[in-house]
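Observations on the three-dimensional arrangement
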Amino acid sequence: MSKTPWLCGFLALAALMPAHAAELGVLAPVLAHGQPQVQADPAGKPVPVVTRVTSGELYEQVQREARDGFLATVLALDGSAQRIAGARTLVPTWLYLSAEDGGFARRGFWLEVNGRRRFVDELFVDLVVDADIIADGGFEEIFSHEMGHVFLPRLMPGLSYGWSRTPHTSAP
């Protein structure tokens, strides 16, 4: 398959980039006995229980990538995708700092704030992130790829479940 249609679509979307990009919201698992908690969503599917991260060394490294790296472009593209999809207010582009190998786009999480949980029915990227993957460029590459899987349901919510939504990995 030629990459030309994807490139043309990407460039067309980039041309629509807003002055303000979506915010990179960072999430971490809520742990119980050292294990990430899960809770059933309204449809009964287990989803993670998370807290919002707003400080710390890893948070600062991720935000630096979002501000100064290619992720700034990805966040601007997500802002455009949200607006094209009809959003009047942008939601954060969510990054879940997974404790387990993830590396894929997902939907829905329980956000815990001050001991209270609320279900957030939004798309997010599930990814193991540490200083090494940021330093070697892997974070930027994998996160950007996974955002493609976020853009599809944002822009085409009726898209049937297919190969692009199947969790996958790459190996050297």
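Since this is a predicted model, take the numbers as computed values, not measurements. (Residues numbered from 1 in each chain as written. Predicted model: local features only at pLDDT ≥ 70, side-chain atom pairs only at ≥ 80, totals over all residues. Heavy atoms only, no water.)

**A few points about the packing of aromatic side chains**
Applicable threshold: A pair of aromatic rings is counted whenever rings of Phe, Tyr or Trp (Trp by its six-membered ring) have centres within 6.5 Å, and the orientation is called stacked for planes under 30 degrees apart, edge-to-face for over 60 and tilted otherwise. In this text, helices come from DSSP runs of H or I with a minimum length of four residues, and strands from runs of E with a minimum of two, each type numbered from the N-terminal end. Note on exposure labels: buried denotes an accessible area under 20% of the residue type's maximum, exposed denotes more than 50%, and partly exposed covers the range between, all computed with a 1.4 Å probe on protein chains only.
Tallied over the full model, the rule gives five aromatic pairs. On the numbers, 5.6 Å between centres and 85° between planes, the contact of F109 with F124 is edge-to-face. Note that F109 is positioned in strand β7 (residues 104–113) and F124 in strand β8 (residues 116–127), a separation of 15 residues in sequence. The exposure class assigned to F124 is buried, which follows from its relative accessible area of 1%. Through a chain of ring-to-ring contacts, three or more aromatic side chains come together here, namely W94, Y96, F109 and F124.

**Some remarks on the pattern of salt bridges**
We count it as follows: For this document, the term salt bridge refers to a Lys or Arg side-chain nitrogen within 4 Å of an Asp or Glu carboxyl oxygen.
Evaluation of the coordinates by the stated rule reveals six salt bridges. The salt bridge involving R106 is made with D126; its shortest N-O contact spans 2.7 Å. Residue R106 is found in strand β7, and its partner D126 is found in strand β8; the two are separated by 20 residues along the sequence. Judged by relative accessible area, R106 falls into the partly exposed class, the value being 23%. Owing to a relative accessible area of 3%, D126 belongs among the buried residues under this scheme. The partner of R107 in a salt bridge is D121, with the nearest N and O atoms 2.9 Å apart. With R107 in strand β7 and D121 in strand β8, the pair connects residues that are 14 residues apart, well separated along the chain.

**Some remarks on helix α2 (residues 57–68)**
To be explicit about the condition: What a helix is expected to span follows from its residue count: subtract one and scale by 1.5 Å. Should any heavy atoms of two residues lie within 4.5 Å, those residues are considered in contact.
For α2, spanning twelve residues, the distance from its first C-alpha to its last is 16 Å, which sits close to the expected 16 Å at 1.5 Å a residue. Buried within α2 are the following residues: Y59, Q61, V62, Q63 and A66. On its buried side, α2 packs onto β1 (24–29), β5 (46–53), α3 (71–84), β6 (93–97), α4 (131–135) and α5 (138–155).

**Some thoughts on the confidence of the model for the protein chain**
Worth spelling out the cut-off: Values of pLDDT, ranging from 0 to 100, describe the predictor's confidence in every residue of the model.
For the protein chain, mean pLDDT is 85; residues scoring 70 or higher make up 80% of the total. No element of the protein chain has a lower mean pLDDT than helix α1 (residues 4–15), at 55, and none a higher one than β1, at 97.

**So, the nonpolar core**
The criterion, for reference: We call a set of buried residues a nonpolar core when its members are Ala, Val, Leu, Ile, Met, Phe, Trp, Tyr or Cys and they connect through side-chain atoms within 4.5 Å of each other.
Of all hydrophobic cores here, the largest spans 25 residues; its most connected members are L24, V62, L95, V129, F139 and F143. Counting only elements with at least two residues in this core, the list comes to β1, α2, α3, β6, β8, α4 and α5. If we ignore the near neighbours within four places in the chain, the residues touching L24 are V62, Q63, A66, L75, T93, L95 and F143. Counting eight residues, the second-largest nonpolar core is a separate cluster that includes L27, V50, W94 and V120.

**Describing a negative patch on the surface**
Stated precisely, the cut-off is as follows: Patch criteria: residues need more than 30% relative accessible area and no salt bridge. Like-charged residues are merged within 9 Å; nonpolar side chains of Val, Leu, Ile, Met, Phe, Trp and Tyr are merged within 5 Å. Note on areas: Shrake-Rupley with a 1.4 Å probe; residue coverage comes only from the protein chains shown. Neither His nor the chain ends contribute to the count of charged residues, in which Lys and Arg are positive and Asp and Glu negative. A charged residue contributes its charge at one atom only: NZ of Lys, CZ of Arg, CG of Asp or CD of Glu.
On the surface, a cluster of negative charge is contributed by D130, D132, D136 and E141. You can see E141 is positioned in helix α5. On the basis of relative accessibility, which here comes to 60%, the residue E141 falls in the exposed class.

**Concerning the packing of α2 against α3**
Where we set the bar: Axis angles are defined between N-to-C directions and span 0 to 180 degrees, where every axis is a line fitted to C-alpha atoms and, for a helix, only to the segment in contact. Angular relationships are summarised with four words: roughly parallel below 35 degrees, roughly antiparallel beyond 145, roughly perpendicular across 65 to 115, and oblique for the angles in between. Each residue is assigned to one of three groups, with Ala, Val, Leu, Ile, Met, Phe, Trp, Tyr, Cys and Pro labelled nonpolar, Asp, Glu, Lys and Arg labelled charged, and all others, Gly among them, labelled polar.
For the pair α2 and α3, the least separation of the axes is 5 Å and the interaxial angle reads 75°. By the angle between their directions, the pair α2 and α3 is classed as roughly perpendicular. In contact with E65, A66 and R67 of α2, α3 contributes L71, A72 and L75. In terms of residue class, the contact of α2 with α3 is made up of four nonpolar, no polar and two charged.

**Topic: α3**
Along its 14 residues, α3 runs 19 Å from first to last C-alpha, staying within 8% of the 20 Å computed at 1.5 Å per residue. All buried positions along α3 are accounted for by L71, V74, L75, A76, L77, D78, G79, S80, A81 and Q82. G86 occupies a position one or two residues after α3 and carries a positive phi of about 105°.

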